[in-house]
Amino acid sequence: MELAYSIAASVIDKIGSLAYKEICSAWVVSSDLKKLELTMSTIQAVLLDAEEKQVKNRGLSVWLGQLKDVFHDAMDVLDEFECEALRRQVVKMHGSTREKVLDSVSYSFFNLLGFSYKMSQKIKGIRESLEELAKDRAQFHLEERFEDQRIGDRKREMTHSFVRDCDVIGRDDDKQKIIDLLMHPGDNCNVSVISVVGIGGLGKTTLAQWVYNDKRITKHFDSRIWVCVSEDFNVLTLAKEILKSTGNGIKENMSMDEVQVNLRSILKKKRFFIVLDDVWNENRNKWFSLKNLLIEGGQGSKILVTTRSHKVASTMAPGPIHDIEGLAEDDCLSLFLRWAFNEGEEKQYPNLINIGKKIVKKCKGVPLAVKTLGGLLYSKTEERDWISIRDNEIWKLEQKDDDILPALKLSYNQLPSYLKQCFAHCSLYPKDFRYSNLDLIQSWMANGLLQKSNKSSQELEDIGEQYIKDFLSRCLFQEFEDIGTFVTFKMHDLIHDLSLYVAQNDYCLIENTNNSNNFEKARHVSILDHNLGVDAMIDFLNKLSNSMQTINFSCEDWTSTEHSFINKPLVETCISRFKQLRLLNLRYSRLEELPSSISTLKHLRYLNLRGNKQIKKLPNSICNLQNLETLILRGCEELEELPRDIRKMISLRYLSITTKQTRFPTDGIECMCSLRILYFDKCPRLESFQEGIQRLTALRLLGFQNCESLNSLPQGLKHLTALEVMLIQNCEKLNLMEGDDYPTSLRRLGIGRLPKLVALPLWLKGSANTLNFLTIFDFHNLVVLPEWLSDLNSLQKLMIRYCPRLSSLPEGVAHLTTLRELEIVRCPNLRRSCEQNVGKDWPKIAHIPLVKLI
């Protein structure tokens, strides 16, 4: 039972937030909430200890599960206040005179005798449940501990410097690259740092050991020192370990000053090589304190750091970073057979080797995973044992402390509590899924997983972006690709296994309803078994918990398959049973009509109807979803119009639209002042916009795609000072060359397939100081790029695609000193001009670190 601490922290943060206190001040429940906060804080203090000890105590695991249920109930009650506050706000802003009078009359009675009393009783019931459970904690002998106190199962075995050459497989290239870096004389500083980065189990330590023992290294350096750092980056302890490794004795009670005097004296003018293995420290001050003890070393001294985090690597120094990749499949098979058989024995079992090849594929190049599964099969020669390993998920297999899952879990344990729930949420997507930052952040937001402190002015979207960067830094996300208007990334299969492991009982990915368990108590599910009929799917839904908060019926953004099992009766089942739903994903359904009862899902924050090609109209009752933050109507090609009261959706932050409308009515979209993202796709009849878009002062991303009748952009764009990202493509009547009513602080712009555009629009210069990503694509009439391109002094990435008539770059490109990446795709003439060393434009772009010509 993971996540109890994280969920408790979310509830406590919500009670303590200024915004929430403001909402609750209207009702006489402040003292009840204060008591609840105190009770929860008392319980939360022992939850970290409980989560670590539950592995060996079944009763403790059950206790944590009961606590989590009550924590979720508490969050539902807290959300009730927000729902009621938003409802009243909508009536005040957009209600008719009659509605306002009725609400005013009913509210005084409602407040005094109804809502406050009902909510007070609910809070009291939750507090009593928690107090009852709190009585049981004494039997578990739990200790109070805070998040920054790292103990228990987070530690790994101490490493050493020796490895036999014959024990290393498939790392020759990595070894050579690191040795080249170590032998390089370096810059003017005496001591330089090289980092080896990768997920747990990839063999960073083994590689470092192999390098450490290479004869060229032993000959090149005067002194070699190996220190296993692990989690506790204590400068005095590490300094003593370094001193001890030099062959000098140390006293246990040596002071810091004694250690540093001895260390400086011993290392002075010596060219040393130090390996700091398994570093987790992100505190720059601690690193500088240690490094200052080592600066007396001779010219060319090196420190090799192994870590799972790019953030740690950049904290240590700005030196070279070597990202270690997975082993080749043949190397993995060799390693697997070495662990599964005694030497030469495998030749007797060709059938097992064939099964073993499929087992190895599951490991995705991670040596520790290969060793783990090979070790599980050692001395087993029955095919059924091998087939069982082949057909089971790695996270479901029994493992020892030094096997792959415990090794990977160290990375999870290091996450702050607010990231743990976000990580678990990622388990709802299938393996090899390519996540999009926009959709993932909206999903996190819908479930209240983005934490904003009282003092922070950050947008929730920015907090989500920071979470993604943190996961990328920790190697929990990989294969990052920046598309311009959004970014995508993946999880390594073994990291996905880890997410399934920590998320079990809370989050459940169901790809086969006949082979699923532990879903009955889950609050978040993805049901991706698309072989079910409607009746079977409804039967399955009836087995789920009434407390469901997330239901995904599809994950793919692009698919040619519509899901026939999603019809009106199925959606009505979801609405009637799951009143606590925060996220409902119905993309690519064949839904002809959305039930009007959708309005009863007052907690709903995310509704995805993408790709529904049959729905023609949305019920106006959908506008009563005042909590809704994300509404995706993209690809609803038969949708005739937006609901008339859409302005009442005052919390909406993300709206993507496909519609047959020619224009939108007044007092509609332009009244939705919470919008951050507004996207129009496949609106073939849309010609223009009414005035008023300047009221969307929070808007950050605006997109128009496949709007072939659109002849002008909305008036007032220059007033949208928060607008950072625009995408405009395939709008054949649109003319962007005229006027000055355009945004002036864009950071990213993508434009393409605009037949009327024969040159880059001059208004781009208005964003010269902010634009850092420009994509130009599918311009068959574009012959030259303007000389003023060099005025874009913040530009970091320029992508030019499918512009066949372009043959050269302007002279000013040589002055774009901030440009870090230039990508030219399917522009044959321009490609020839930019070829390295031989193209006539090469001198203009030789300063750019990354040039891709495709």
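If you look the protein up in an unreviewed UniProt entry, it shows as Disease resistance protein RGA3 from Quercus rubra.

(A) Region of interest: the overall build of the protein. When helices and strands are tallied, the protein shows 26 helices and 23 strands. Overall size of the protein, expressed as C-alpha extent along the three principal axes, is 90 × 80 × 65 Å. Split into buried and exposed, the 854 residues of the protein put 57% on the buried side. Total accessible area on the protein is roughly 37200 Å²; 47% of this is exposed by carbon and sulfur atoms. Charged side chains of the protein number 113 positive and 112 negative; the gap between the two group centres comes to 2 Å.

(B) The arrangement of the packing of aromatic side chains in detail. Using the criterion set out here, one finds 26 aromatic pairs in the structure. Ring centres of Tyr-429 and Tyr-435 lie 5.1 Å apart, and the angle between their planes is 65°; on these two criteria the pair is classed as edge-to-face. According to the relative accessible area criterion, Tyr-429 is buried, its value standing at 4%. Taking 5.1 Å as the distance between ring centres and 85° as the angle between the ring planes, the aromatic pair formed by Phe-433 and Tyr-435 counts as edge-to-face.

(C) Representation of the sheet that holds strand β4 (residues 301-307) in the model. One open sheet holds the 5 strands; their spatial order is β2-β3-β4-β1-β5, and the pairing between them is parallel. In the strand order of this sheet, the two ends are held by β2 (223-230) and β5 (321-323), each with one partner. Put simply, the sheet's adjacent strands are angled 15° from each other on average, direction ignored.

(D) Structural context of the sheet that holds strand β8 (residues 487-490). Pairing within the open sheet is antiparallel, and its 3 strands lie in the order β6-β8-β7. The two strands at the open ends of the sheet, each matched to only one other strand, are β6 (435-436) and β7 (478-482). In this structure, β6 lies alongside β8, joined through 2 bridges in antiparallel fashion. Opposite Ser-436, over in β8, you have Thr-488 as the bridge partner.

(E) Here's a closer look at unusual backbone geometry. In the Ramachandran plot, Ser-230 falls in the positive-phi region, its phi being about 55° despite a non-glycine side chain. Of the residues examined, Ser-230 reaches a relative accessible area of 11% and is grouped as buried. Its identity as a non-glycine residue notwithstanding, Lys-682 has a phi of 55°, on the positive side. Mapped onto the fold, Lys-682 is located in the loop between β16 (677-681) and β17 (701-705). By relative accessible area, Lys-682 is classed as partly exposed at 37%.

(F) Layout of helix α10 (residues 235-245). Those residues of α10 not exposed but buried are Val-235, Leu-238, Ala-239, Lys-240, Ile-242 and Leu-243. In this fold, the buried residues of α10 make contact with β2, α11 (256-267), β3 (272-279) and α12 (284-291). The N-cap residue of α10 is Asn-234: its side-chain oxygen and the backbone nitrogen of Leu-236 are 3.1 Å apart. Following α10 by one or two positions, Gly-247 has its phi on the positive side, about 95°.

(G) The arrangement of the environment of Val-487 in detail. Topologically, Val-487 is positioned in strand β8. For the pair Val-487 and Asn-437, spaced 50 residues apart in sequence, the C-alpha separation works out to 5.7 Å. Ignoring sequence-local partners within four residues, the contact set of Val-487 consists of Tyr-435, Ser-436, Asn-437, Phe-480, Glu-481 and Asp-482.

(H) Main features of the UniProt feature "domain: Disease resistance R13L4/SHOC-2-like LRR" (unreviewed entry) in the protein. UniProt's entry tags residues 574-776 with the feature "domain: Disease resistance R13L4/SHOC-2-like LRR" (unreviewed entry), counted in the numbering of this structure. End C-alpha atoms of residues 574-776 are separated by 44 Å, and the span's content is 2% helix alongside 19% strand.

(I) A look at the pairing of strand β20 (residues 773-777). Of all the 5 residues making up β20, 5 are buried; the element is thus mostly covered by neighbouring parts of the structure. A two-sided burial pattern is seen for β20, the buried positions comprising Phe-773, Thr-775 and Phe-777 on one face and Leu-774 and Ile-776 on the other. Of the pairings in the sheet, the one linking strand β19 (residues 748-752) to β20 comprises 5 bridges and is parallel in character. When the sheet's bridge partners are listed, Leu-749 is paired in β20 with Leu-774. Pairing of β20 with strand β21 (residues 797-801) involves 5 bridges; the strand directions are parallel. Considered in β21, the bridge of Phe-777 is made with Arg-801.

(J) Seen up close, the packing of helix α23 (residues 534-541) against helix α24 (residues 568-577). Between α23 and α24, the shortest axis-to-axis distance is 10 Å and the interhelical angle comes to 10°. Between α23 and α24, the angle falls in the class roughly parallel. Side by side, α23 and α24 meet where Met-537, Ile-538 and Leu-541 of the first sit next to Pro-569, Leu-570, Thr-573, Cys-574 and Arg-577 of the second. Its residues placed into classes, the contact of α23 with α24 shows 6 nonpolar, 1 polar and 1 charged.

(K) Examining the pattern of salt bridges more closely. For the structure on display, the rule yields 55 salt bridges. Its salt-bridge partner being Asp-167, residue Arg-164 comes within 3.0 Å of it at the nearest N-O pair. Note on Asp-167: relative accessible area 32%, which makes it partly exposed. Here Asp-482 ties to Arg-748 by a salt bridge, and the two come within 2.8 Å at their closest N and O atoms. Separated by 266 residues along the polypeptide, Asp-482 in strand β7 and Arg-748 in strand β19 bring together distant segments of the chain. Overall, the relative accessible area of 22% leaves Arg-748 in the partly exposed class. Residues joined in a network through salt bridges with shared partners are Lys-14, Asp-76, Asp-79, Glu-82, Arg-582 and Arg-605.

(L) A look at the side chain of Thr-550. Its place among the elements puts Thr-550 in strand β11 (residues 550-552). Polar contacts involving the side chain of Thr-550 include one to the side chain of His-524, which spans 2.8 Å. Setting aside residues no more than four positions away along its own chain, Thr-550 makes contact with Leu-428, Asn-447, Arg-523, His-524, Val-525, Leu-581 and Leu-583.

(M) Up close: the packing of helix α7 (residues 172-183) against helix α8 (residues 204-212). For the pair α7 and α8, interaxial distance at closest approach is 10 Å and the crossing angle is 55°. As the angle between them shows, α7 and α8 are arranged oblique. For the crossing formed where α7 meets α8, the hand is right-handed. Between α7 and α8, the contacting residues are Asp-172, Asp-174, Lys-175, Ile-178, Ile-179 and Leu-182 on the first element and Leu-207, Trp-210 and Val-211 on the second. In terms of residue class, the contact of α7 with α8 is built from 6 nonpolar, no polar and 3 charged.

Conventions we followed
- Residues numbered from 1 in each chain as written.
- Predicted model: local features only at pLDDT ≥ 70, side-chain atom pairs only at ≥ 80, totals over all residues.
- Heavy atoms only, no water.
- Helix = DSSP H or I, 4+ residues; strand = E, 2+ residues; numbered from the N terminus.
- Buried < 20%, exposed > 50% of the residue type's maximum accessible area, 1.4 Å probe, protein only.
- Areas by Shrake-Rupley, 256 points an atom, 1.4 Å probe, with all protein chains shown as cover.
- Lys, Arg positive; Asp, Glu negative; His and termini not counted.
- Charge placed at Lys NZ, Arg CZ, Asp CG, Glu CD.
- Phe/Tyr/Trp six-rings, centres within 6.5 Å; stacked < 30°, edge-to-face > 60°.
- Pairing = 2+ DSSP bridges.
- Axes fitted to C-alpha atoms, helices over the stretch in contact; angles between N-to-C directions.
- Contact = heavy atoms within 4.5 Å.
- Polar contact = N/O pair within 3.5 Å; in protein donor to acceptor, adjacent residues only side chain to side chain.
- UniProt positions renumbered as here; feature names shortened; annotations may be inferred.
- Parallel < 35°, antiparallel > 145°, perpendicular 65-115°, else oblique.
- Nonpolar A, V, L, I, M, F, W, Y, C, P; charged D, E, K, R; others polar.
- Salt bridge = Lys/Arg side-chain N within 4 Å of Asp/Glu carboxyl O.
- Left-handed = near helix turned anticlockwise from the far one by under 90°.

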